[in-house]
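Spelled out from the first residue to the last, the chains are:
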Amino acid sequence: MQSVAKHHPNADRYCVIVDTDLSYASELKEEFTTLTLPQLNLPFGDEFTFQYTILELNTAVKPWALEHLLDAGYDQVLYIDPDIYLYNPLTEVNDLLSAGASIVLTPHLLAPMTDEKNPTELDIRIAGTYNLGFCALSNQGNTRDFLHWWQGKLKRDCVVDFKRGVFVDQSWIDLVPTIFEHVKILRHHGYNVAYWNMAQREITENVDGDILVNGDPLTFFHFSGLNPSNPQPFSKHQNRFRMDSLDPLTSRLAMDYCETVRANGIEKYRAVPYGFGFFQDGRPIPDTARRDFRENETFRKTLKQSPFAQKADIVVDDSPATNARIERVYDYFLWRKPEPDALKRYHVIVGTTRGYYTLLLGVALSPESRKQPRWIRRVLFWPLWRLLQNTLARTDSLAIAEKPASTAKPSKPTKQITALNSKPITTRGINLIGYIAAELGIGEATRSLARACSAVNVPYSVVDVGFQSSNLQRDTQALKNASKEHFAIDLVYVNADQTESTIKHLQDLKHESTYKIGFWHWEQPQIPATHIAAFADLDEVWVPSNFVRDAVAAVSPVPVIVIPHALQFEATPAVQRSSFGLPENKVLALVMYDFHSYQHRKNPKAAIAAFRLATQNRDDAVLVVKTINRDKHPEASQELADYLADLPNTVIIDDFLTRQQTWDLQYCCDLLISLHRAEGFGLAPAEMMYLGKAVVATGWSANMDFMTASNSMPVDFKLKPLEHAVGAYPAGPLWAEADIEHAADCITQLLDQPELRSRLGKQATLDIRRLLNPETVGRTVAARLQTIIDWHNRDL
């Protein structure tokens, strides 16, 4: 909207807020006028907002919003997606509408695609010829006819259903140019530039600084699928471009856009819960429940209240197994097959135990059932009959599995018969394989998972592979609750580059399992090609943050699940600063990192620079630098020493501390400065926040899963490609460069305002102890393990 205001200062700007909490929009009244859903006269009341996913609902409301504005008296109404940015006025569109066009559309493509990367021309064909991130209408009768037709399609069919050839509101528009009059297709290369057509459009800059696209002025760029907080993939919907493979001009446009969106508070709004995402009692609404509700008219008619008020999940199970259950009930009690309407009606409830017995009692006690011979006897003998049926079914399955091999050439076994030879997973326990006692970040992460398991009584055994680390091996807390039992599920808690060697070590130990999970950390927006082979030994991968999930899931052939680290510890009572040689009566700012984790990534120079800038002409603060493995990195060590030369009062601690000593040191300090370039989780910020300390940290990567403006001080940054490989990290992918001046300002505020440190610390400890509580994390672990067991055993 800011770009619209720049190029169309006299246009009225509206934003449809597809949500329940309008307070955030009210803060932006200078940017746009808010349109609420009740203003649009949407059909079906709560049913309309319940039946669609967030993507489907946001696209479904368009024709009603456009009609609302035409009803308000506007001659021309232009729609643009929220991820569009204008670089020039929409002059060509205004000219077409003024010349009599009723509808103006822009196609995805103006030239053929010449490679096989995604999206292909077939993908575009399925999604729709025209991109509905933009359309323009004039106030004509023909336009009203179009909107009413479009509304009719979107009442129930604004869905993502590629099998039926439907992609939300967009695919329907393929019919518009032939059904309606005065439709103009704008073939201008500077409109709707996006990942789907960039390969056919050359973006250049002339001597006057104007941006051209195949010679036409760039009017608007559609940054579809671009995550401003992680722009490296450029768009999540394609594999043709990456940020580091774009030409410098296009890369600059994209990065400037990302900076603009972040400056407008993306992290603040990203944290706002979706108002239509939950039942009234707080349970999240699964997308499948929305689909099932939308597609089952019979069930919708039975509801006596809003679908958001339902006490039980809306479940539709129309699998062959469920059909068979329904048919068995009808056959036993009514001596016939169920009518099609009954199948459709009962699919909604048979997916649950309660639903099944509702079906059973409804049919057994129905008037039709009572008319059958020996009705009472049939009701009483139902449990015995079901037991007999189950026994016969199991006997048939075993007969199939144990049938002697024929002398003839055997046919290819089916998946079902093959599965009968697999062992079922009977215990929700894991073999925890990792750096069980090693004093390093991934070792502490392994122990945090053990804490989470213990909190919810998920048993685990341990296999220590600490021989792969040179760090001290003194932390044995995970051994305390370890079981001696061997489980069917392995959790291989080593990073991707160590997975293959660890699996080989397990094979050497004759260690066997049914299901293998990897647990990976990574600190770039994409994992390198050299790590892809590690997937071969795994059935799924767990990661500690959304940042790592995005990097791994982009290339993963197996499920990727976020399981954050669990924190639970306390500082030693009455611990004193003197135990660490720290001064009293000073504000202590802590910088801490492991030299093995690469100094360039941890970026202590930026943290030191920010502290230096914030403490000019004051002596009430002291910097504490805690490192380990400094002796193994002499060049980086000397670089750090040189950079601290003008801060003679800095306290440097390079000893290997126990975990308890580390927590005590953190407790003795007042704030943490972490201007990292990337984090896979952010253990130090999380631990300081757990202790109620103020944290000043780069507002990017994994730590933003738990850092907000209300519990910490996220620092502004710019994303830049890594110019040279740093250890395991290849050159190219984006890392953050923290704004040192902004960080210094944050530090100054914390030094000047003790009450601010206290307020942030109190909120931080509340948030972290809620999000990263071992029971909270443990329940996630237990639920995922149960899902694995259910799906694995389902095929046996």
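For the structure, see preceding data.
Computed from a prediction, not measured in an experiment: that's the story for all the values here. All residue numbers here refer to positions counted from 1 along the written sequence of the relevant chain. With the structure being a predicted model, the display of local features is reserved for residues of pLDDT at least 70 and the display and counting of side-chain atom pairs for 80 or more, all residues being used for whole-chain, interface and lining totals. Just so you know, side-chain values use all the structure's heavy atoms and leave hydrogens and water out.

(A) Quick look at the sheet that holds strand β6 (residues 134-138). The four strands are arranged β3-β6-β5-β9 in an open sheet whose pairing can be described as mixed. With partners counted over all chains shown, the strands left at the sheet margins are β3 (76-80) and β9 (183-185), one partner each. Averaged over all pairs of adjacent strands, the angle between their axes in this sheet comes to 15 degrees, without regard to strand direction. Helix α6 (residues 91-98) rests against β3, β5 (103-105), β6 and β9 of the sheet, and its axis sits at about 145 degrees to β3. The pairing criterion is simple: DSSP has to find at least two bridges between the two strands. Helix and strand definitions here come from DSSP, where helices need a minimum of 4 consecutive H or I residues and strands a minimum of 2 consecutive E residues; each element is numbered from the N-terminal end. For helices, the fitted line uses only the C-alpha atoms of the stretch in contact; every axis is such a line through C-alpha atoms, and the angle between N-to-C directions lies from 0 to 180 degrees. Throughout, a contact is declared for two residues whenever any of their heavy atoms are within 4.5 Å.

(B) Fine view of the environment of Phe-221. Assignment of secondary structure puts Phe-221 in strand β13 (residues 220-222). Dropping the residues within four chain positions of it, Phe-221 is found in contact with Asp-83, Ile-84, Tyr-85, Tyr-87, Val-193, Ala-194, Met-198, Ile-203, Phe-234, Thr-250 and Leu-253.

(C) Local environment of the pattern of salt bridges. Each reported salt bridge corresponds to a side-chain nitrogen of Lys or Arg within 4 Å of a carboxyl oxygen of Asp or Glu. Under the definition given, this model contains 36 salt bridges. Arg-618 serves as the salt-bridge partner of Asp-620, at 2.9 Å between the closest nitrogen and oxygen. A salt bridge links Arg-659 to Glu-687; the shortest N-O distance between them is 2.4 Å. Taken as a pair, Arg-659 in helix α27 (residues 659-668) and Glu-687 in helix α28 (residues 683-690) lie far apart in primary sequence, 28 residues in all. A single network of salt bridges, built from pairs that share partners, joins Glu-444, Arg-447, Arg-451, Arg-659 and Glu-687.

(D) Representation of unusual backbone geometry within the structure. Asn-118 connects to Pro-119 through a cis peptide bond whose omega is 0 degrees. Its location among the elements puts Pro-119 in the loop between β5 and α7 (121-127). The phi dihedral of Asn-214 falls on the positive side, at around 50 degrees, and the residue is not glycine. Turning to its location among the elements, Asn-214 is positioned in the loop between β11 (211-213) and β12 (216-217). Positioned with a positive phi, Phe-234 is a non-glycine residue whose angle comes to about 65 degrees. Along the chain, Phe-234 turns up in the loop between β13 and α10 (248-263).

(E) Local environment of the sheet that holds strand β17 (residues 515-519). Taken together, six strands build an open sheet; the order of strands is β15-β14-β16-β17-β18-β19 and the sheet is parallel. Each edge of the open sheet is held by one strand with a lone partner, namely β15 (460-464) and β19 (560-562). Strand-to-strand, the axes of this sheet are offset by a mean angle of 25 degrees, without reference to chain direction. Against the sheet, helix α22 (residues 496-508) contacts β14 (430-434), β15, β16 (489-493) and β17, and its axis sits at roughly 135 degrees relative to β16. On top of the sheet, helix α23 (residues 546-553) reaches β18 (540-543) and β19; it is set at about 175 degrees to β19, its chief contact.

(F) Representation of the nonpolar core. One finds Phe-221, Phe-234, Trp-520 and Val-552 to be the most contacted residues of the largest nonpolar core, which totals 51 residues. Where this core is concerned, the elements lending two or more residues are β11, α10, β18, α23, β26 (717-721) and β27 (734-738). In terms of residues, this core owes the most to one element, α10, which gives six residues. Contacts of Val-552, omitting those with residues within four sequence positions, involve Trp-520, Ile-527, Phe-535, Val-541, Val-543 and Val-560. Among the buried residues, those of types Ala, Val, Leu, Ile, Met, Phe, Trp, Tyr and Cys that are joined through side-chain atoms within 4.5 Å form a nonpolar core. Burial classification: accessible surface area is computed with a 1.4 Å probe over protein chains only, and a residue below 20% of its type maximum counts as buried, one above 50% as exposed, and the rest as partly exposed.

(G) Structural context of helix α8 (residues 141-154). With 14 residues, α8 should reach 20 Å at 1.5 Å per residue; the first-to-last C-alpha distance of 20 Å fits that figure. Inspection of α8 places Asn-142, Thr-143, Phe-146, Leu-147, Trp-149, Trp-150, Gln-151 and Leu-154 among the buried residues, and these make up the whole buried set. If you follow the buried residues of α8, they end up packed against α3 (46-51), α4 (54-60), α5 (62-71), β5, β6 and α9 (176-179). The span expected for a helix works out to 1.5 Å for each residue beyond the first.

(H) View of the pairing of β16. Along β16, five of the five residues are buried, which leaves the element largely enclosed by surrounding structure. In the sheet, β14 pairs with β16 via five bridges, with the strands oriented parallel. Bridging from a neighbouring strand, Ile-433 pairs with Val-492 of β16. Here β16 runs beside β17; their pairing, made up of four bridges, is parallel. When the sheet's bridge partners are listed, Asp-490 is paired in β17 with Lys-516. Crossovers are described as right-handed under a simple rule: with the strands pointing away from the observer, the path leading from the first strand over the helix to the second runs clockwise. Traced from β16 through α22 to β17, the parallel crossover comes out right-handed.

Just geometry here; none of it tells us what the structure is for.
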